[in-house]
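Letter by letter, the chains look like this.
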Amino acid sequence: WEYRHLPVVHRASRPSRPDKARRLGYKSKQGFVIYRVRVRRGGRKRQVPKGITYGKPKTHGVNQLTAQRSLRSVAEERVGK
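**Regarding the overall build of the protein**
Thinking step 1. Along its length, the protein carries two helices and two strands.
Thinking step 2. C-alpha atoms of the protein, sized along the principal axes, occupy 55 × 25 × 25 Å.
Thinking step 3. By the burial criterion, 12% of the 81 residues in the protein qualify as buried.
Thinking step 4. Here the protein displays about 7,800 Å² of accessible surface, and carbon together with sulfur accounts for 50% of that area.

**With respect to the environment of Thr66**
Thinking step 1. Among the structural elements, Thr66 can be located in the loop between strand E2 (34–37) and helix H2 (71–80).
Thinking step 2. Overall, the relative accessible area of 68% leaves Thr66 in the exposed class.

**With respect to the packing of aromatic side chains**
Thinking step 1. The final tally for this structure, using the stated rule, is one aromatic pair.
Thinking step 2. Ring geometry for Tyr26 and Phe32: centres 5.8 Å apart, planes at 85°, overall edge-to-face.
Thinking step 3. You can call Tyr26 buried: its relative accessible area is 15%.
Thinking step 4. The exposure class of Phe32 is partly exposed, given its relative accessible area of 34%.

**Here we look at the pattern of salt bridges**
Thinking step 1. In this structure the tally under the stated criterion is three salt bridges.
Thinking step 2. For Glu77, the salt bridge is made with Arg69, and the minimal N-O distance between the two is 3.1 Å.
Thinking step 3. Glu77 sits in the partly exposed class, given a relative accessible area of 38%.
Thinking step 4. With its nearest N and O atoms 3.0 Å apart, the salt bridge here joins Glu76 to Arg72. Taken together, the positions of Glu76 and Arg72, both in helix H2 and four residues apart, correspond to about one turn of that helix.

**Describing the side chain of His10**
Thinking step 1. Among the structural elements, His10 can be located in strand E1 (residues 9–12).
Thinking step 2. Those residues in contact with His10 that sit more than four places away from it in its chain are Ile34, Tyr35 and Arg36.

**A word on unusual backbone geometry**
Thinking step 1. One non-glycine residue, Lys50, lies in the positive phi region at around 55°.
Thinking step 2. Counting through the fold element by element, Lys50 comes out in the loop between E2 and H2.
Thinking step 3. Owing to a relative accessible area of 83%, Lys50 belongs among the exposed residues under this scheme.

Cut-offs and rules
Residues numbered from 1 in each chain as written. Predicted model: local features only at pLDDT ≥ 70, side-chain atom pairs only at ≥ 80, totals over all residues. Heavy atoms only, no water. Helix = DSSP H or I, 4+ residues; strand = E, 2+ residues; numbered from the N terminus. Buried < 20%, exposed > 50% of the residue type's maximum accessible area, 1.4 Å probe, protein only. Areas by Shrake-Rupley, 256 points an atom, 1.4 Å probe, with all protein chains shown as cover. Phe/Tyr/Trp six-rings, centres within 6.5 Å; stacked < 30°, edge-to-face > 60°. Salt bridge = Lys/Arg side-chain N within 4 Å of Asp/Glu carboxyl O. Contact = heavy atoms within 4.5 Å.

This is the structure:
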């Protein structure tokens, strides 16, 4: 698949979905740039050594955690770097 061979963050000449881009405020004129970002999707795993957590049972979760930030905000931060 074409996108897999590109860098993680790269500039696209035009949006892959022009209708969606226009709904989000994109106009095809000078000053508008489109960046495509690859983000690992799915739930988040708690980074603990050997899955050992301390404290109350409520905080024992390791696998089925949801990230506080959306994938969109992660992608926007990576573009901004």
